[in-house]
Structures are given as structure tokens and as C-alpha cells.
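In case you want the letters, here they are:
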Amino acid sequence: MIMEIIYKGDHSYSSDDVEELFLSVEWLSGKYPERLKKALDNSETVITAWADSRLVGLINVLDDGELTAYVHYLCVNPEYQGFGIGGELLKKIKEKYKTYLYILLLAENENLIGYYKKNGFEHKDGRYVLAIQNG
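Scope of this entry: the structure provided in the associated data block.

Parameters and conventions
Residues numbered from 1 in each chain as written. Predicted model: local features only at pLDDT ≥ 70, side-chain atom pairs only at ≥ 80, totals over all residues. Heavy atoms only, no water. Phe/Tyr/Trp six-rings, centres within 6.5 Å; stacked < 30°, edge-to-face > 60°. Buried < 20%, exposed > 50% of the residue type's maximum accessible area, 1.4 Å probe, protein only. Lys NZ or Arg CZ within 6 Å of the ring centre and 35° of its normal. Helix = DSSP H or I, 4+ residues; strand = E, 2+ residues; numbered from the N terminus. Pairing = 2+ DSSP bridges.

**A word on the packing of aromatic side chains**
Here is step 1 of the chain: One pass over the full model with this rule turns up four aromatic pairs.
Here is step 2 of the chain: Taking the centre distance of 5.6 Å and the plane angle of 70 degrees together, the rings of Phe-22 and Trp-27 count as edge-to-face.
Here is step 3 of the chain: Here Trp-27 falls in the partly exposed class, since its relative accessible area comes to 24%.
Here is step 4 of the chain: Measuring from centroid to centroid gives 4.9 Å for Tyr-97 and Tyr-100, while their planes differ by 85 degrees, and the two rings are edge-to-face. The same class applies to Tyr-97 and to Tyr-100, which are both buried.
Here is step 5 of the chain: An aromatic cluster is present here, built from Phe-22, Trp-27 and Tyr-73 joined pairwise through their rings.
Here is step 6 of the chain: A cation sits over an aromatic face here: Arg-35 above Tyr-32, 5.8 Å from the ring centre.

**Some words on the pairing of strand 3 (residues 54-63)**
Here is step 1 of the chain: With respect to burial, strand 3 is a largely interior element, eight of its 10 residues being buried.
Here is step 2 of the chain: As judged from the seven bridges shared by strand 2 (residues 45-51) and strand 3, these two strands associate in the antiparallel manner. Bridge pairing links Thr-48 to Leu-58 in strand 3.
Here is step 3 of the chain: Hairpin connection between strand 2 and strand 3: a loop of two residues separates the two successive antiparallel strands, and Asp-52 in this loop has a positive phi of roughly 60 degrees.
Here is step 4 of the chain: Sheet analysis places strand 3 next to strand 4 (residues 68-76), joined by seven bridges and oriented antiparallel. Paired with Leu-62 across the bridge in strand 4 is Tyr-70.
Here is step 5 of the chain: Between strand 3 and strand 4, which pair antiparallel and follow one another directly, the connecting turn spans four residues, one of which, Gly-65, has a positive phi of 85 degrees.

Encoded structure:
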């Protein structure tokens, strides 16, 4: 499959777009498309990947404006994985936040650790993720 992917740094996605993308990767937030769109709209940075008019990838970042940027979501529709879309989204974030001390992210499973390492991130020993999940 050869395709042209267009990357956008705006909020030109709809709740239907994000619902389809997030459900394609089986993420719970996809079941709440209106809330998800609102959350993304309130993020400091959202970069999207489009194949024609279809949203096929997305990354969003929350930052403190100076020192730390947190990659909240990185997802690529499984039909479009393996074509470098996720890597390109990460590259764009690393460029935008290159003056920050930290760019942090949470790997949802161990399989993703190798992927993120391949894209320049390193696992930090002694750091632990704590969470409260409501709902």
C-alpha cells in the first residue's frame, strides 16, 4: 500500500474522526468521542496524520510551557501501522520540544518499550507510573 500521508498541526478533526481512530486501537477513550475531542482540543499540541480524508494517526502533548512535555496519546490505525507514521509523529514532537529538559511518555505495554527506544526514548530505572482510573 503506497499512500500519501498529510500531517496537520491543527484541530481539524471531528469527534467521529477521533472515535474511529481510537476504537481502531481498542482504547477506552474512543467510547467517549465528544469528551475525547474536547480533551484533545485542550491539549497544548495535537498533530494528526491523514490518508485522504481519513484520520489514521494522532499524537498529543501536554506541556508546562518550559521544562517538561508529556506525550499523552500516540495512536495509529492498525491498517496503517508499519509505514512510519508513528515515528514521523514522534519526530515532529521531538523537534517541537527539543529545548525542553524532558519529553515523557507512558508505554501501555512492554512491547512498546522497544518501539519507543528505537525512536530515541530511554527507559528510566527507578521511575514508576501511578494511576487512578475512574469509570
